[in-house]
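# Reading the structure
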Amino acid sequence: MRKYFSFILVLIAFALQGCAPKSQDDCGFVQNVYGERISWKGEVPVTMYLHESVPQQYIAAIEAAASTWQDATGKRLVNINTTERVTGPINPQKDGRNIIYFFNTWESDKNSEQARTSIYWIGDQIKEADMRINAKNFTYYWNQPGAASTAIANSVNIEALVIHEMGHVMGLKHKDRDSSVMATYLASNTDRVNVAETDKSALQCEY
């Protein structure tokens with residue numbers, strides 16, 4: 001009876017192993033505990049809303065960032081809803097909406113952090129993403145096409161920053177090589193607005 005019971009346990013173990021998700025090449029994506037890539041799967045384009053804390057002068061830059069990803073991949077991955085501003089407290093939470101916020105407060109031990117994107121997923125599929133821009137410790141500018149540069153000393157290109165954060169929205173993690181827009185840090189007065197080939201190849205794994 002004991003041998004029979006042990007045999008049953010072995011069968012159950014093999015069955016569970018057979019049903020477990022298969023680990024994947026990360027392709028530059030965040031992975032879950034099973035080694036699966038985290039992404040929106042076929043649920044694109046992702047609609048992002050703007051909180052009322054987002055300055056009006058940066059909305060066009062945010063739209064340009066979304067268009068940059070579209071131009072690079074040939075697919076519309078992110079839509080920016082500019083007609084329905086989110087009002088109320090600056091309080092990202094799991095509410096089923098993907099929201100961009102400008103924060104005028106920030107943790108004192110993380111004051112070098114330019115922005116932060118939180119993604120929430122079930123299984124291997126992203127269900128929500130919220131983007132926080134650090135407006136306490138950084139100032140921003142945008143080089144609008146055809147217009148004179150608005151850069152000031154020690155300021156950050158908001159389009160370049162949002163391009164990076166939108167990469168996180170899509171599930172990409174940091175990549176500090178190959179001129180990737182997903183490099184961990186964006187230096188001040190750096191116009192990193194061109195999606196690298198390595199970023200395009202990464203997205204092709206999921207989108």
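Each residue is numbered by its place in its chain's sequence as written, counting from 1. Selection of residues for local features in this predicted model requires a pLDDT of at least 70, selection of side-chain atom pairs for listing and counting requires 80 or more, and totals for whole chains, interfaces and linings are taken over all residues. The basis for every side-chain value is the complete set of heavy atoms in the structure, and neither hydrogens nor water enter the calculation.

Right, let's talk about the side chain of glutamate 206 for a bit. Helix and strand labels come from DSSP, where a helix needs a run of H or I of at least four residues and a strand needs a run of E of at least two; each type is numbered from the N terminus. For glutamate 206, the location among the structural elements is in the segment after helix H4 (197–204). Here, two residues are considered to be in contact whenever any of their heavy atoms come within 4.5 Å of each other. Those residues within four positions of glutamate 206 in sequence are excluded, and the remaining contacts are Phe29, Arg37, Ser39 and Lys41.

By the secondary structure assignment, leucine 172 is in the loop between helix H3 (158–169) and H4. For the exposure calls, accessible area comes from a 1.4 Å probe over protein chains only, and a residue counts as buried if that area is under 20% of its type's maximum, exposed if over 50%, partly exposed in between. Take leucine 172: its relative accessible area is 3%, and that puts it in the buried class. Sequence-distant contacts of leucine 172, defined by excluding residues within four places in its chain, comprise Cys27, Gly28, Phe29, Val30, Trp69, Gly167, Met182, Ala202 and Leu203.

With respect to the secondary-structure elements, arginine 97 resides in the loop between strand E2 (78–86) and strand E3 (98–103). When the C-alpha atoms of arginine 97 and lysine 127 are compared, they prove to be 8.9 Å apart, with 30 residues separating the residues in sequence. In this structure, arginine 97 is in contact with Tyr49, Val86, Glu128, Ala129 and Asp130, ignoring residues within four places of it in sequence.

Taken together, five strands build an open sheet; the order of strands is E2-E1-E3-E5-E4 and the sheet is mixed. A single partner strand is all that each edge strand has here, and the edge strands are E2 and strand E4 (115–122). Adjacent strand axes in the sheet meet at a mean angle of 25 degrees, parallel and antiparallel pairs treated alike. Pairing of E3 with strand E5 (residues 125–134) involves four bridges; the strand directions are parallel. Along E5, the bridge assignment pairs isoleucine 100 with methionine 131. Between N-to-C directions, angles span 0 to 180 degrees; the directions come from axes that are lines fitted to C-alpha atoms, helices contributing only their stretch in contact. Where helix H2 (residues 59–73) meets the sheet, it contacts strand E1 (46–51), E2 and E3, and its direction lies at approximately 155 degrees from that of E2. Paired strands, in this sense, are two strands between which DSSP finds at least two bridges.

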